[in-house]
Amino acid sequence: MTPSSNPFRDATRFERRVRPCALVIFGANGDLTKRKLIPALYRLAYEHRLPPGFAVVGNSRTEMTHEQFRDKMREAVLEFTEETPFEEKIWNDLATGLYYDSGDLKDAGCYTRIKARLQEIEHSRQTGGNILFYLSTQPSHYRAVIHGLGVANLAKPGNGAWRRIVVEKPFGHDLASARELDDAIPRVFNEEQVYRIDHYLGKETVQNILAFRFGNSIFEPLWNRNYISSVQITAAESIGVEGRGAYYQEAGALRDMIQNHLLQIMATVAMEPPAAFEAQTVRDERAKLLRSIRPFTHDEVRLNAVAGQYGPCRVGGQALAGFREESGVNPEAQTDTYAAVTFTVDNWRWAGVPFYIRSGKRMTKRVTDIAIRFHSAPHSPFQTGNHDSASWAGPNLLVLRVQPEEGITLRFLSKLPGSGMKLRPVEMDFKYGSSFGMRSPAAYETLLVDALTGDATLYTRRDMVEASWEAVHPIMEVWQNTKKEFPNYEAGSWGPKASDEMLGRRGHSWRVP
Amino acid sequence: MGTTAISPSRILKDLDALWLSLGEEQQHEPPVSGAPGASPVLRACAMTLIAVVDTDDVTVGETLAMLVRSHPSRLIVLTVTSGDAPSLQAGVTAQCWMPFGKRQQICCEQISMSASRVSLQEIPPVIRGLIVPDLPVACWLRGRNLIQTPELDGVIGLADKLIVDSGGVADLSAQIGYISTHEAGARRVCDLAWTRLTRWREAIAQLFDDAVGAERARRLERIRIEYQGAHVPMSAYYLAAWLRHSLARSLKVEIVRVGDFERARVCSVHLAEQATDVSITVTTDRDVQLHAGARDAHTVFPRLSEYELLREELSVLGPDSVYESVIAAVPALLAESEAAPS
């Protein structure tokens, strides 16, 4: 029985609910499980969105009993759940469905044990044979887990049941490894069973970009090269690598942020309208946009991509280490802790419009936003002497703020009260939090429910992942073969000077978010 | 309280002055961070909300202050005063709040009016001039003594959505008649007694999500609803009507009193078929025991304030086909109850 055929469903009022099923988390002793997955599940239980027989099977190498796993997860809920009170009874109900089986992911016996556990759970908790596997391990284990699940015949469901798998990012560390992973998955799972997670797509404000663009009729006519001069996407963090130096020096900002999160945001901003808000159609449009990103030649990379790395600095009386002084980092590391790229899109809508994307660590403040810069008015009648207040104030700007202070701001010009025609910019401001005054679900709540209910709209797909790797591949090639003069920006700044120069060549400048 | 001529244009002028003074107050504060032109006070408005209250209503202000954060509105609070002498008064204030960690105030405007019953007929033209154009209008009839007040029909007639609360109402036939009468044209009526049932209904639905539940739903034969209190609560009939409507069958319904409670309420729902039964029982004030066949589970029905109920209702501004079907089915259930031997 599907939820839609449940005679008691009320789509107007009820939240989407999950059918009876089990969730298997590989890497259950890791940070993601503690910080995000289990708190998200508790929140869903608190909102009565999980079915009574819901079960979680955790797996990692660490030996633990079910009880120890439950205690550990309880601590995680207490520590990492925000805006939701801890209710002992709700936790106890959820905890009775938590199981743990340790095992080496390369050992076939590990999957046999998990299979036996799932069969027992199917019988005792009536999960109907429905299983979501969640790969939260180190990416190097992904292929082993997929292979193990295949050998144990866990990927193919019985009658009327479903099996799905969530793959955490990164999907490979370059185009070739992404393709290797993508080639390994279909040997065990069909593409419809695979949910590649990019948690940025689960953020309410990123979803709201779709509502903003396609739920209103006034913006879409302006959403093209005739009215928009450039788009800036910024994802800045004020913190450094925070103990993740060893991991981060192998990743860098281009791989860690731009290749996945920010290109997905760019695709959401620039895609064509989908025919329906359904997984296939929305993802088709995103994929088309990603495939339309103009590939760089190596010479073009030098003009359109800037790498940066933060050096030591004192901020507010506090000495901050440079990236190369961080624990676990090679003192001569060539890692980009900042990356900025000018992408262009080869289609009629966006031809000639630069998409400036930047992401960095230890920047002035934590902010993620998208700024749509419109063309200036073709003629300003407000010039007095040498002063043209209209051109001084800049063109119209639409800012979609992803975090913090999620919302939308439109900047336009208004006459300053008083005599004379002096203009000044004012803002029309929509604040997501204050306009709805209610808690927004965390990205992982949204995405878990989506995967558990079979909605892949907010998940990426093989062609999308490969297209985004293709977009950054030439940049990675050039950067790997270039010795960069690092460090080249101070902690607490907005990045290296070369980044400003990159925009300056097109007559633009970075806005200060 | 005397009679004052109140006109929409005068009130709108007062609102302008209010916004000016709010802006001036904030000019003395340090500048708001952000781009040039950022205003220190943000006016938020997504609808007009008319709250009609009794003269002794002292808690409505708190509810409305919370509500405008979820549903920013131009609030029009109409207090119906006691006494026979004509009286009309109006004034404007702002409901402002500063989001945590922010330096920009968000404000909604509030127009307070009072009118005696005999003056109520003069109010609709005033409110008509104060409605925010192009946005929905909701009317919340909060006063317990205001239902069945024909003088308010003119005010209700301005609303796209009328909100009433049948919790505590003993004369259910009259109440259903009132709701049906006012559900006219494009206007929707909603009842907070129905809103309170959302958690009950979700819990019931959840028990029928799997294949076993689906089969069980097909075999259900009887509905037994238990309540506590001095009279049958409207929610008992709503639940029964909803269950029948959902199953598209006229199942046998029993509504049984099982104890006292200060305000009549449903405390248990049993859905039975031959082999097993399904029940949802409030064991204490909030704790709920779910039972379906061999499986038991606990859940908690959060204690919902009036603000939370209104927040849910104002999120449903379009048609609510399930509730409309329920409203249509309740009179038959009431007739069955009256015909049944006591």
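Predicted model only: the values in this text are computed from it and were never measured.

Enquirer: Can you explain the sheet that holds strand β1 (residues 22-26) of chain A? Please cite residues and give values.
Expert: Residue and element names in this part refer to chain A. As summarised here, the arrangement of the six strands in space is β3-β2-β1-β4-β5-β6, forming an open sheet in which the pairing is parallel. A strand with exactly one partner marks an edge of an open sheet, and here the two such strands are β3 (98-100) and β6 (194-196). Sheet twist, expressed as the average angle between the axes of neighbouring strands with direction ignored, equals 20 degrees. Pairing geometry for β1 and strand β2 (residues 55-59), over five bridges, is parallel. Within β2, the position partnered with Ile25 by the bridge is Gly58. Helix-sheet contacts for helix α4 (residues 108-125) involve β1, β2, β3 and β4 (131-135), and the interaxial angle to β2 is about 165 degrees.

Enquirer: Give me the pairing of strand β13 (residues 355-360) of chain A: which residues, what numbers.
Expert: Residues and elements named next belong to chain A. Summarising burial for β13: six of the six residues are buried, a large majority. Every second residue of β13 is oriented toward a common face, with Phe355, Ile357 and Ser359 on one face and Tyr356, Arg358 and Gly360 on the other, all of them buried. The sheet contact formed by strand β7 (residues 228-236) and β13 spans six bridges and is parallel. Within β13, the residue paired with Ala235 across the bridge is Ser359. For strand β12 (residues 338-343) and β13, the ladder comprises six bridges, and the chain directions are antiparallel. Residue pairing for β13: Ala339 is matched across the bridge by Ser359.

Enquirer: Any chance you could break down the interface of chain A and chain B for me, citing the residues and the numbers?
Expert: Taken together, the contact between chain A and chain B spans 36 residues of the former and 49 residues of the latter. Between chain A and chain B lies a buried interface of about 3,700 Å² when both sides are counted; carbon and sulfur atoms form 53% of it. At the junction of chain A and chain B, the tally comes to four salt bridges. A salt bridge links Arg13 of chain A to Asp320 of chain B, with the shortest nitrogen-to-oxygen separation between them at 2.7 Å. The interface formed by chain A and chain B holds seven residue pairs in polar contact (both at pLDDT 80 or more) in total. Put simply, the parts of the chain that give the side of chain A that touches chain B at least two residues each are α3 (88-95), β19 (423-431) and α12 (432-436) of chain A. When grouped by side-chain class, the residues that make up the side of chain A that touches chain B number 15 nonpolar, eight polar and 13 charged.

Rules behind the numbers
Residues numbered from 1 in each chain as written. Chains lettered and ligands numbered in written order. Predicted model: local features only at pLDDT ≥ 70, side-chain atom pairs only at ≥ 80, totals over all residues. Heavy atoms only, no water. Pairing = 2+ DSSP bridges. Helix = DSSP H or I, 4+ residues; strand = E, 2+ residues; numbered from the N terminus. Axes fitted to C-alpha atoms, helices over the stretch in contact; angles between N-to-C directions. Contact = heavy atoms within 4.5 Å. Buried < 20%, exposed > 50% of the residue type's maximum accessible area, 1.4 Å probe, protein only. Buried area = accessible area lost by both parts, 1.4 Å probe. Salt bridge = Lys/Arg side-chain N within 4 Å of Asp/Glu carboxyl O. Polar contact = N/O pair within 3.5 Å; in protein donor to acceptor, adjacent residues only side chain to side chain. Nonpolar A, V, L, I, M, F, W, Y, C, P; charged D, E, K, R; others polar.

These values are about where atoms sit, not about what they do.
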